[in-house]
Amino acid sequence: MGSEPELAVAEDVARRVALLDWAESHDVGALWSADDARWATQQARAEGAGDFRLARARHAAQRLGERDDRLSELLARRLWSGSWAWAALAVGLALGLGMDRLGGQQLNLLALPLWGVLALQVVAYAVLLALAFRRPRHPARESLALRLWTRRLTPGTRGRAGQALAHWLRLSAPLQAARATLLWHLGLLGLNLGLIAGLYLRALGLEILIGWESTYLDAARVQRLADVLLAPAAWLTGLAVPDVAPLRHGALQGAKALAADWLHLLAATVALVALPRLLLVLRAGLRSGRLARALPLPVGSGPSDLRLLVVDPQRRLAGSLLGETGERLSSPEGDRLLVTLADTAPQTAPAPWPARALALLGASPAPTPVFDVCVAADSLPAATPGWPAQRRQLRALGPLWPPARQPAWQRLLEAWEAPLREREGQAQQVMAQALATLCLQPVHLPADTEPQAQLQKAVAQQLQVLTGKLQQLYGHDAATGSAPSSGDRWPHQVVRPRPVVRNSVLGGAIAGAATGLGADLAAGGLTLGAGALIGAVAGGVAGSGLTDWLNRRQGRRTTSLHIELADAAPLLAGEVLGVWLAQLGLRLPSAQVQAALGASDWVAALRGDAADVQLRLRQRLAQACDALLRDADVAAST
């Protein structure tokens, strides 16, 4: 399927579009930046009327002209004038008048320069006829016209203005070729008219004689040759071809017969040869005029409207990105994806022969397809919930766009995927925080509570919090519900506080005994046990304080549950990823999830500073997410 031309507009408007296309497809430095492109798009979109690309080119041309006066002068410069057509006709007429004098007053019927001119034109007609029926048409004419036009229009133009002009000539090559062709045919038509006028004008004031001489041809053969060559002219004028036998003369004698009838026949022959040239002039004029009014510009750097026809009679794509008619994607540069839903594919019938004939003559534009791509819904990936399915559908469209549309499609796809990548980064950060909390934060264990049940409850609560954050992050794109915790038993250990009373008594006894012993030794037994009592009290207080300090420092003030990282960390990471997969609408076997998790060392990621832990967990979760998305793409394609 062919691609629709980007624009088909009048020449003056097309020049502004081409100027913007040059600025956006070449390195022009500060003359035109990405901010300028977005500004022009916003200004054009704000108008909301007509084709925004034309308004965008108008705003851009104004800004470019303000920044470089030579560009403004280039837009105001006339690159074509109707007087050139009259000049080409006049030059051809003058050449025809001058060429007729090459024969002198005594014409040699077999050696007229006229025959060479007519023969070359007939050969040219044959070549043009052969090229007209070739598909595709040979580009040599347009290339030659482009080179000629570039030399004609670019002298004295340098720098940016010269580059912009050359870009315009490349984009408008069909128009330039049509105009060059028009001048060429007008010049040859003037040449034929000059030949006819020269025959009669010279005969008015001079006596033109005609004869013939030949080394190899006799009168009979020359008569047959004259009858064949002049038969159309004889039929047109009603004059019989005269007898050539009396016209033969020697090399030193010269012609003696008056050439009146022969001049009529020769002029009619030239007129018949000039008739196709007149048709070619009309064709070139119609084509150049049509292109000047509506020139298709194959611009590829500026914004484009990509038209997609989705044939979906069973509404398989209902609810997905491509399941609704209208504008579905847009880029900051102004590109748009326009989707049309249909129950059947469009039927293209060959054009009737009058339309083909008019198109060949350039009187009517060739039909252009309405859509850039037509695709059946059953050839696209299934429309499942979540953005991964939408991404698979969009990527399946990528190879279908024509080459001229690929840059615009890449801009649209990048504009759609950029916020997704940012959102997935945020989701991975949220999952990293949840996984760090699950693995590193102790769970309080009340008295008379079964540890595994309490741990299961804490994990479920944390997963529910994660579900809420992801639903808030994904918004309406999130799937309903989340995967509940599936772990039957989480490897853990119970951490209880150290007994303060026991340690106080034990510490007091030890300290009292040591103090009493020291006092007795120092006082020679005179303390009578006072030293032991004081030591016991001091030791008890010190033991109690030390035990409480150790409990606070080691997080053992209450009974708590601690996850065994080596065994439980991969399982908890699987639970976190299960919640994320549920939000995307993906249902993957647990074996695939565990395979994606097994490639990472989760225990090493959970050790160290809290900030480093968050970073390492996010990196490992990003790797696991990418692996799971690839698995989902593979599963959807099989």
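Chemist: Any chance you could break down a nonpolar patch on the surface for me, citing the residues and the numbers?
Modeler: Together, Leu93, Leu97, Leu193, Leu201 and Leu204 make up an exposed nonpolar region whose accessible area comes to about 470 Å². For the nonpolar patch, the elements supplying multiple residues, two or more each, are helix H5 (83–100) and helix H9 (173–205). Ranked by residue count, the leading element in the nonpolar patch is H9, at 3 residues. Position of Leu193 among the secondary structure elements: in helix H9.

Chemist: Summarise the confidence of the model for the chain; cite the residues concerned and give the values.
Modeler: When the pLDDT values of the chain are averaged, the result is 77; 73% of them are 70 or greater. Mean pLDDT in the chain bottoms out at helix H7 (residues 140–153), which sits at 52, and peaks at strand E9 (residues 373–376), which reaches 90. For residues 1–5, every residue scores under 50 in pLDDT, and the model assigns this stretch 20 contacts once sequence neighbours within four places are set aside. Within the model, pLDDT remains below 50 along residues 136–142, and this stretch shows 11 contacts once partners closer than five positions in the same chain are excluded.

Chemist: Residue-level account of the packing of aromatic side chains, with values.
Modeler: By the definition in use, this model includes 2 aromatic pairs. Their ring planes at 75 degrees and their centres at 5.4 Å tell us that Trp80 and Trp84 sit as a pair that is edge-to-face. Ring geometry for Trp401 and Trp409: centres 5.3 Å apart, planes at 35 degrees, overall tilted. The burial state of Trp401 is the same as that of Trp409; both residues are buried. The lysine or arginine in question, Arg63, covers the ring of Trp39, its NZ or CZ lying 3.6 Å from the ring centre.

Chemist: Give a description of the environment of Ala604 that names residues and reports values.
Modeler: Within the secondary structure, Ala604 sits in helix H21 (residues 602–605). Judged by relative accessible area, Ala604 falls into the partly exposed class, the value being 37%. Separated by 12 residues in sequence, Ala604 and Arg616 have C-alpha atoms that sit 8.9 Å apart.

Chemist: Report on the pattern of salt bridges, specifying residues and quantitative values.
Modeler: Summed over all chains, the structure comprises 17 salt bridges. Of the charged contacts, one joins Arg56 and Glu24 as a salt bridge, the two residues approaching to 2.6 Å between their closest N and O atoms. Here Arg56 is found in helix H3 (residues 52–67), whereas its partner Glu24 is found in helix H1 (residues 11–25), with 32 residues between them in sequence. In this structure, the salt-bridge partner of Arg38 is Asp35, at a minimum N-O distance of 2.6 Å. Of this pair, Arg38 and Asp35 both sit in helix H2 (residues 34–47), 3 residues apart, roughly one helical turn.

Chemist: Explain the packing of helix H6 (residues 113–132) against H9 residue by residue, including any values.
Modeler: Viewed as axis vectors pointing N to C, H6 and H9 meet at an angle of 150 degrees, and their least axial separation amounts to 12 Å. One way to sum up the angle between H6 and H9 is to call them roughly antiparallel. For the pair H6 and H9, the crossing hand works out as left-handed. Across from Leu114, Val117, Gln121 and Leu128 in H6, the residues of H9 making contact are His185, Leu191, Asn192 and Leu195. Taken together, the residues of the contact of H6 with H9 sort by class into 5 nonpolar, 3 polar and no charged.

Chemist: Please give an account of the pairing of strand E8 (residues 336–342) that cites residues and values.
Modeler: By the criterion of burial, E8 is predominantly enclosed, with 6 of the 7 residues buried. Two strands pair when backbone bridges link them, and strand E6 (residues 305–311) and E8 are joined in this way by 7 bridges, in the parallel orientation. Bridged to Asp305 within E8 is Arg336. Note that strand E7 (residues 326–330) and E8 share 4 bridges and pair antiparallel. Across the sheet, Ser330 pairs through a bridge with Arg336, a residue of E8.

Chemist: Just give me the short version of the nonpolar core, but keep the residues and values in it.
Modeler: Counting residues in hydrophobic clusters, the biggest one holds 64 residues, and the most contacted among them are Leu308, Leu337, Trp409 and Trp580. If you tally residues by element for this core, the top one is helix H15 (residues 406–440), at 15 residues. Once residues lying within four places of it in the same chain are set aside, the contact partners of Trp409 are Leu306, Leu329, Leu337, Leu394, Leu397, Gly398 and Trp401.

Chemist: Can you lay out unusual backbone geometry for me, pointing to particular residues and giving the numbers?
Modeler: The phi dihedral of Arg315 falls on the positive side, at around 55 degrees, and the residue is not glycine. Mapping Arg315 onto the fold places it in the loop between E6 and E7. We classify Arg315 as partly exposed; its relative accessible area is 39%.

Chemist: So what about the sheet that holds E9? Which residues, and what values?
Modeler: The sheet built from 4 strands is open, its strands ordered E7-E8-E6-E9 with mixed pairing. Looking at strand neighbours, the two that pair on one side only are E7 and E9, the edges of this open sheet. Averaged over all adjacent pairs, the angle separating strand axes in this sheet is 30 degrees, with direction ignored. Here H15 sits on the sheet in contact with E6, E7 and E8, set at roughly 80 degrees to E7.

Chemist: Hey, could you go over H1 for me, with residue numbers and the actual values?
Modeler: Here H1 spans 20 Å end to end across 15 residues, near enough to the 21 Å set by a 1.5 Å rise per residue. Buried residues of H1: Glu11, Val13, Ala14, Arg15, Val17, Ala18, Leu19, Leu20, Asp21, Trp22 and Ala23, and no others.

Cut-off values and rules
- Residues numbered from 1 in each chain as written.
- Predicted model: local features only at pLDDT ≥ 70, side-chain atom pairs only at ≥ 80, totals over all residues.
- Heavy atoms only, no water.
- Patch = residues over 30% accessible without salt bridge, like charges linked within 9 Å, V, L, I, M, F, W, Y side chains within 5 Å.
- Areas by Shrake-Rupley, 256 points an atom, 1.4 Å probe, with all protein chains shown as cover.
- Salt bridge = Lys/Arg side-chain N within 4 Å of Asp/Glu carboxyl O.
- Helix = DSSP H or I, 4+ residues; strand = E, 2+ residues; numbered from the N terminus.
- pLDDT = per-residue confidence, 0-100.
- Contact = heavy atoms within 4.5 Å.
- Phe/Tyr/Trp six-rings, centres within 6.5 Å; stacked < 30°, edge-to-face > 60°.
- Buried < 20%, exposed > 50% of the residue type's maximum accessible area, 1.4 Å probe, protein only.
- Lys NZ or Arg CZ within 6 Å of the ring centre and 35° of its normal.
- Axes fitted to C-alpha atoms, helices over the stretch in contact; angles between N-to-C directions.
- Parallel < 35°, antiparallel > 145°, perpendicular 65-115°, else oblique.
- Left-handed = near helix turned anticlockwise from the far one by under 90°.
- Nonpolar A, V, L, I, M, F, W, Y, C, P; charged D, E, K, R; others polar.
- Pairing = 2+ DSSP bridges.
- Core = buried A, V, L, I, M, F, W, Y, C linked by side-chain atoms within 4.5 Å.
- Expected span 1.5 Å × (residues − 1).

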